[in-house]
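Take a look at the letters that make up each chain.
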Amino acid sequence: MTAHYALAIDIGGTFTDLVLHDPATGRFAAHKELTTPQAPELGVLAGIRQLLGREGISPSAITRVVHATTLLTNALIERRGAATGLLTTAGFRDILEIGHERKYEIYDLFLPLPAPLVRRAHRLEAEERIGPQGQVEIALDEASVIAAADRLVAMGIASLAIGFLHAYANAAHEQRAAALIGIRHPDLHLSLSSEVSPQIREYDRLSTTVANAYVKPLAVTYLDRLARDIAALGIAAPLFLMLSNGGLTHVDEAKRVPVRLLESGPAAGALAAAVLGGRSGARDMLAFDMGGTTAKLAVVRDGAPRVAHRFEAARERRFTAGSGLPINISTVELIEIGAGGGSIASLDPLGLLKVGPRSAGSAPGPACYGRGGSEPTVTDANLAMGHLEAEGFAGGTMRLDVAATEAALAGLAQQAGMASDALAAGIQAVVNEAMAGAARVHLAEHGGEAAGLALLVTGGGGPLHGPDVARRLGLRRVICPPAAGVASALGLLLAPARVDEVATLACRLESLTGEALEARFRALEAEARRVIGETLGPDAPVRAERAADLRFLGQGHELVTAMPPGACDIAAIRAAFEAAYRAVFAGVPPVAAVEVMNIRVAVSAATGDGRLDPMIPSGAPTMPHGTRRLSIGEVPLYRRAALVEGQIITGPAVVEDGMSTLLVPPGALATQEANGNLVVELPA
Amino acid sequence: MFDPVLLELLWARLVSIVDEAAATLLRSSFSTVVRESHDFGCVLTDAQGRSVVQATDSVPSFLCTLPNTIRHFLQEFPPETLQPGDVLITNDIWMGTGHLPDISVAKPIFANGRLVGFAGSVAHSPDIGGRIRSAEARDIFEEGLQIPPMKAISAGVPDATLMRLLRRNTRVPDQVLGDLHAQFTALDLMERRLRDLLAEHGLDDLAALAGEIQARSEAATRAAFAAVPDGVYRAELLTDGLEEPLLLRLALTVAGDSITCDYAGSHAQVPRAINVCLAYTFAYTAFAVKAVLCPAVPNNEGAFAPLTVTAPLGSILNSSHPAAGGARALTGHFLPALVLSALADVLPDQVVAGVGSPLWCMGFSGFRRDGSPIANALFINGGYGASAGRDGTNVLSWPSNVSAASVETIEQSAPWHVRYRRLREGAGGAGTHRGGTGQETLYESRSDQPIAVTFLAERTQPGSAAPGLEGGMPGAPGAVLVNGLHVDPKRQHVVPPGGTVEMRTPGGGGHGLPERRDPALTAADQMDGIA
């Protein structure tokens, strides 16, 4: 039998990561190529040629290609999308601009709010009206649709969002309008709110639909070109795309609703964390990724990253909730904190030590990069404390400037009235506490606590900071997966195919019969299975999960509640809701009626058996490679690649693996597992 | 004792405690105003009731009110009468926030056998009995149930009599008690977290840490105040008022590193529900002073110590018993405009032109077609003021922070058909930078019975329009129409089946001379049909 391979392509801001995986043996090989932002496919093609050449593998041996990209996210942030128009119900073209009417910071008198993606002149109206129960109140005036579309095309619109009031309850008018416009303007890209985000609340639905329209021409052009270029290399395999919710889909579905790709890169990272941690038996985790400018946290419950059903794109202020455009799609839930290696430490006007969110970035970068940075950063503090070595940084590609670090720290230390070494330790403590605090509040928003979670660390800073963050959260177990530098790309190979569908019911739960609800769920599942069938073939074994957004009558927030197994039973659903509510809020309010706003299905199918062979050597435990001087004294230094299966390291110790450094605290035990994970058990 | 690192670590933990409590309260609340407009607050105080940290995201109305309430609690219930598991409660408008729906609760926190502080929470209850939200109440007895300062929970045991009274006196008792339960949960969380923090860091009590936080905040505020040239800065404005306009007058005195805001000369209190208690006058004055001069200083007792706010007792900005206050926002939301107007004389680039505030609201009470009763309040907002650097935002909540409900959810749940909701073309004041425009929304009744409607609406007269600044023009005044006719929004109206209500919210004022506007911006306005 000839070997066949899967190829993962993850395009990030700086690097395009490629991983080649042999599902039969579980072995994999990785390559990092510089991203080519103007034409991302160029970096991809160069990287594929490099990797295949190095491994001596023929393009024809590749049977699956999976892709994630930040291209669309960046297009929204940089406002590089298409000239977009909106066709909506008469009387409501300003909904997109009026928005939620709220401020995301109340004390800022000069608050910038995100401008709508479609200017007022390009928002036109059609005469029509659907009522809240889906009834037609005013028939669609087809002439008004055609007139509006003609005007918009004349104004140069390349992509059109169609969003009518109550279209979640009856899509007929949107569909008819799309058909009329499609005949007259076959080159115009169309996005329908009833397809993109069929949920009640018009502003959020329109915002999502317009964002989809805005990135759609770019997505179609890019994906077509990439598929063509990959085929030209001799790779005959189909191209799959990672979705924000951590599932895969085929390229035509991705082109139809590209807004679902926005968070594909981070979703792959969270998925990889869930799968890699699961290999050490962890089911409930906090996935912690720390890079140069930000740290990301994702909660994994029962082996899967938690999925939220709303997020924001293109925030005016990156770390401030409410400052972006609402996007109502299912997405792996991530929180992002302005804390990374480049985060700058300074004293605020009250004399407190603050770290970040201001970042030195990569230019000038931390003081120790010797490129003119003069303010101390987290990386400088790590260097001063001996966590990093001047030689051998970034896999030996860079030499750090110790004198520059010392000068930067000394300046701030004098201001703070502290010794330089105490300041360096303080920078560590403050940045670690900031990440722990963000995790605590995030967990509280879902009614959970940190106790019992494992911390899975990735990114250059994850292993360095993870053990102390874990201690602050009261966590006992830290998992360092292998190949942490390409974890997201690995995640692409491990992802299931997945399709999420949603429908708005907006009625009282007790007004429904079990049979009626069952029929609604089945209809959604059938649609989701159809798309999965297109991705994996009609016979792929699938797993369907059902949930409903439920609330007590009078509440304005819903709790997404997993449905009990078996056919719909109203009493059982109510019991499941009360149990879920109690888990989050500790008690159930004395309210009789329950409302069901939306129902959801997630249909998924495994795409492989997820076998990974990290090629850990066996034999006698290896001795330390040398020592490292930390504030607590000389400690042994190990090379990760040399550790053998089952080897146990007693802290304090330092383990280096080229792209990152793990600190094993005093009293902790680190075990090199056969699955490739290095697992640290912290002392109580 | 506290170096820059230790203080940052402890302070950050305290902030995360109140934010965690706020997240818990928000998610489990029933009240639409709590959820949609964050109309609630969570605070930790020291043992004397002085605030140490306040939740990041609460609205201006609650600046400094909870600590004030806790000090009133301490007068009624001295420390020796408090024990673990107690929760104190009141909605007294003079001890609290100025209107009855805001229920304040506080829990004493004990550690190492002594009182170390209080966890406090205030939230807008879904109902408190009395008239539906309206400016028409003539005294506080018309406005609903009054809860004197008392123990809602004694050593862990809830007061069953109070709960029965609340249940009997409110229209939606399940929701009222559900919200109260959410507040209790938030207090318990703050208590638990604070005790953990003290134990972890070996602190006997909160006093030294609280003192340090308050002292540093006070110093930062004083430094900001000292940067403003000494002087007396004056402003006055007219609101729509009732039968005749009401005058509000401010003298803002900067003396060294202190500021005094005195409202002497403002109108006397009136026999309607638009009177403001001093605590609310302080809150909205402090909000504006902070927003202009020191927005980054954290909210705690020290941050506001250098600010004094006075108004004659019995005036509309320092009302006395039994004056009604349910619609206090109609007066109180003008105070930030007065403060900005006064400071515009000396800091023209740090303020914005007049804003189409206060928030507007339609309260209604009636029946759906299936006969079920419904009562609710729908909030909407006007345009924001322009400033030296930019146009005013079209339709923005200020100084409060209230979202409007979506048209689709309104039509799902209430007997209203919304015919349009759109920007008001040309309602923003002209200027080098244009004022934000307001919105116009038309509701048509789909009920088969009459619907009673009341309004919160202001700046509906030319004399009370949002003024421009530095040569900018005023925004257009707002209007309320019932069945197509202009009506007095301070009165209750009845909408027959098929009848309509239209609300047009005011535009914000412009900034700078209109003829200096960048022609490219003018062209864009014309293309978008907005000016």
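Residues numbered from 1 in each chain as written. Chains lettered and ligands numbered in written order. Predicted model: local features only at pLDDT ≥ 70, side-chain atom pairs only at ≥ 80, totals over all residues.

**Student:** Please clarify how the overall build of chain B should be interpreted in this entry.
**Tutor:** Helices and strands together make up the secondary structure of chain B, namely 12 helices and 20 strands. Scaling as 2.2 N^0.38, a compact globule of 531 residues should have a C-alpha radius of gyration of about 24 Å, and chain B matches this with 23 Å. Its C-alpha atoms put chain B at 65 × 60 × 40 Å along the principal axes. Residue burial in chain B is summarised as follows: out of 531 residues, 61% are buried. Long-range contacts, defined as pairs at least 24 residues apart, comprise 75% of the intrachain contacts of chain B with a sequence gap of at least 6. (Helix = DSSP H or I, 4+ residues; strand = E, 2+ residues; numbered from the N terminus. Rg over C-alpha atoms; globule rule 2.2 N^0.38 Å. Buried ≥ 20, exposed ≤ 12 C-beta atoms within 10 Å, placed from the backbone. Contact = placed C-beta atoms within 7 Å.)

**Student:** Which parts of the structure should I look at to understand the overall build of chain A?
**Tutor:** Each helix and strand counted, chain A has 16 helices and 35 strands in total. Relative to the 2.2 N^0.38 estimate, which gives 26 Å for 684 residues, the radius of gyration of chain A is 26 Å and therefore close to what a compact globule would have. For chain A, buried positions account for 53% of its 684 residues. When contacts within chain A are restricted to residue pairs at least 6 apart in sequence, long-range pairs at least 24 apart make up 67% of them.

**Student:** I'm lost on the interface of chain A and chain B in this one. Help?
**Tutor:** One widely used convention gives an interface's size as the accessible area the parts lose upon coming together. In this assembly, 57 residues from chain A lie in contact with 66 residues from chain B. Contributions of two or more residues to the side of chain A that touches chain B are made by helix 3 (95–98), helix 7 (202–232), strand 22 (353–359) and helix 12 (420–445) of chain A. It is helix 12 of chain A that provides the largest number of residues to the side of chain A that touches chain B, a total of 10 residues.

**Student:** What's the story with helix 7 (residues 278–293) of chain B in this structure? I'm lost.
**Tutor:** Two residues of an α-helix separated by three or four positions point the same way, owing to the 3.6 residues in each turn. With 16 residues, helix 7 of chain B extends 22 Å from end C-alpha to end C-alpha; this agrees with the ideal 22 Å at 1.5 Å per step. With respect to burial, helix 7 of chain B is a largely interior element, 16 of its 16 residues being buried. (Expected span 1.5 Å × (residues − 1).)

**Student:** Is there a simple way to think about the sheet that holds strand 15 (residues 439–445) of chain B in this case?
**Tutor:** Residue and element names in this part refer to chain B. Pairing is antiparallel across the open sheet formed by five strands, whose spatial order is 14-15-20-17-18. The open sheet has two free edges, formed respectively by strand 14 (416–423) and strand 18 (485–486), since each of these has just one partner strand. Direction of pairing for strand 17 (residues 479–482) relative to strand 18: antiparallel, over a ladder of two bridges. Looking across to strand 18, one finds that Val-482 is bridged to Leu-485. (Pairing = 2+ DSSP bridges.)

**Student:** Can you help me understand unusual backbone geometry in this one?
**Tutor:** Excluding glycine, most residues fall at negative phi; most peptide bonds, likewise, are trans. Residues and elements named next belong to chain B. Pro-322 follows His-321 through a cis peptide bond whose omega is 0°. Mapping Pro-322 onto the fold places it in the loop between strand 11 (307–310) and helix 9 (329–332). Note the cis peptide between Trp-398 and Pro-399, where omega equals 5°. In this fold, Pro-399 is placed in the loop between strand 13 (373–380) and helix 11 (407–413).

**Student:** How should I be thinking about the packing of helix 12 of chain A against helix 1 (residues 4–28) of chain B in this particular structure?
**Tutor:** Two numbers describe a pair of packed helices, the interaxial angle and the distance between the axes. Running from N to C, helix 12 of chain A and helix 1 of chain B cross one another at 10°; their axes reach a closest spacing of 9 Å. When the axis of helix 12 of chain A is compared with that of helix 1 of chain B, the two are roughly parallel. Contacts between helix 12 of chain A and helix 1 of chain B involve Gly-426, Ala-429, Val-430, Glu-433, Ala-434, Gly-437, Arg-440, Val-441, Ala-444 and Glu-445 of chain A from the first element and Val-5, Glu-8, Leu-9, Ala-12, Arg-13, Ser-16, Asp-19, Glu-20, Ala-23, Thr-24 and Arg-27 of chain B from the second. For the contact of helix 12 of chain A with helix 1 of chain B, the class distribution of residues is nine nonpolar, four polar and eight charged. (Axes fitted to C-alpha atoms, helices over the stretch in contact; angles between N-to-C directions. Parallel < 35°, antiparallel > 145°, perpendicular 65-115°, else oblique. Nonpolar A, V, L, I, M, F, W, Y, C, P; charged D, E, K, R; others polar.)

**Student:** So what exactly am I meant to see when it comes to the pairing of strand 16 (residues 451–456) of chain B here?
**Tutor:** In the case of a regular strand, side chains alternate between the two sheet surfaces. All names here are of chain B. Burial of strand 16 is extensive: five of the six residues sit out of reach of the surface. When strand 12 (residues 360–367) meets strand 16, the two strands line up antiparallel, connected through five bridges. Looking across to strand 16, one finds that Gly-363 is bridged to Thr-454. Relative to strand 19 (residues 493–495), strand 16 is paired through three bridges, and the arrangement is antiparallel. Residue pairing across strands places Val-453 opposite His-493, the latter belonging to strand 19.

**Student:** Looking at this structure, I do not really get the sheet that holds strand 32 (residues 653–656) of chain A. What am I missing?
**Tutor:** Sheet strands pair via backbone hydrogen bonds, and the direction of the pair is either parallel or antiparallel. Residues and elements named next belong to chain A. Pairing within the open sheet is mixed, and its four strands lie in the order 29-30-32-33. Of all the strands in the sheet, just strand 29 (626–630) and strand 33 (661–664) have a single pairing partner and so form its edges. On average, each strand axis in the sheet is tilted by 30° relative to the strand beside it, whichever way the strands run. Alignment of strand 29 against strand 30 (residues 633–639), held across five bridges, turns out to be antiparallel. Counterpart to Thr-627 in the pairing with strand 30 is Pro-636.

**Student:** I keep staring at the environment of Ala-264 of chain B and nothing clicks. Help me out?
**Tutor:** Residue and element names in this part refer to chain B. Checked against the element boundaries, Ala-264 lands in the loop between strand 10 (258–262) and helix 7. Since 12 C-beta atoms lie within 10 Å of it, Ala-264 is described here as exposed. In this structure, the C-alpha to C-alpha distance between Ala-264 and Pro-312, residues 48 residues apart in sequence, is 6.0 Å.

**Student:** Any chance you could explain the domain arrangement of chain B here in plain terms?
**Tutor:** Residues and elements named next belong to chain B. When its domains are assigned, chain B resolves into domain 1 (4–218) and domain 2 (352–531). Placing a centre on the C-alpha atoms of domain 1 and another on those of domain 2 gives a separation of 33 Å. Facing 11 residues of domain 1, the contacting portion of domain 2 comprises 14 residues. (Domains from an automatic or database assignment.)

**Student:** When you look at the domain arrangement of chain A in this model, what are you seeing that I'm missing?
**Tutor:** Each domain of chain A was delimited in the assignment, giving domain 1 (5–76 + 221–261), domain 2 (81–205), domain 3 (343–430), domain 4 (497–605) and domain 5 (626–681). The residue makeup of the side of domain 2 of chain A that touches domain 4 of chain A, split by class, is four nonpolar, one polar and no charged.

**Student:** What exactly am I supposed to notice about the packing of helix 4 (residues 160–169) of chain B against helix 5 (residues 173–200) of chain B here?
**Tutor:** Residue and element names in this part refer to chain B. Running from N to C, helix 4 and helix 5 cross one another at 140°; their axes reach a closest spacing of 8 Å. As far as their axial angle goes, helix 5 and helix 4 are oblique. Note that helix 4 runs across helix 5; the crossing there is right-handed. Every residue of helix 5 that contacts helix 4 at Met-163, Leu-166 and Arg-167 is listed here: Pro-173, Val-176 and Leu-177. Its residues assigned to classes, the contact of helix 4 with helix 5 comprises five nonpolar, no polar and one charged. (Left-handed = near helix turned anticlockwise from the far one by under 90°.)

**Student:** Looking at this model, I keep getting lost on the environment of Val-59 of chain B. Mind explaining?
**Tutor:** With respect to the helices and strands, the residue Val-59 of chain B is situated in the loop between strand 2 (51–54) and helix 3 (65–76). Along the backbone, Val-59 of chain B and Lys-490 of chain B are 431 residues apart, and their C-alpha atoms lie at a distance of 25 Å.

**Student:** Explain helix 6 (residues 207–226) of chain B here, please?
**Tutor:** Residue and element names in this part refer to chain B. Here helix 6 contains 20 residues, and its C-alpha end-to-end distance of 28 Å stays within 8% of the 28 Å for a straight helix at 1.5 Å per residue. Within helix 6, the full set of buried residues consists of Leu-209, Ala-210, Ile-213, Arg-216, Ser-217, Ala-220, Thr-221 and Ala-224. Burial along helix 6 is one-sided: seen end-on, the buried residues are contained in an arc of 140°. (Arc of directions from axis to C-beta.)

**Student:** So what exactly am I meant to see when it comes to the environment of Arg-225 of chain A here?
**Tutor:** With respect to the helices, strands and loops of the structure, Arg-225 of chain A is situated in helix 7. Placed 66 residues apart in sequence, Arg-225 of chain A and Ser-159 of chain A show a C-alpha to C-alpha distance of 19 Å.

**Student:** Is there a simple way to think about the pairing of strand 13 (residues 285–290) of chain A in this case?
**Tutor:** Residue and element names in this part refer to chain A. A large share of strand 13 lies buried, amounting to six of its six residues. The alternating pattern of strand 13 places Met-285, Ala-287 and Asp-289 and Leu-286, Phe-288 and Met-290 on opposite faces, both of which are buried. The pairing of strand 13 with strand 14 (residues 295–301) spans six bridges and is classified as antiparallel. Bridging from a neighbouring strand, Ala-287 pairs with Ala-298 of strand 14. In textbook terms, the turn of a hairpin is the stretch between consecutive antiparallel strands, and for strand 13 and strand 14 this stretch comprises four residues. Judged from the five bridges that link them, strand 13 and strand 23 (residues 454–458) form a sheet pairing that is parallel. Opposite Met-285, over in strand 23, you have Ala-454 as the bridge partner.

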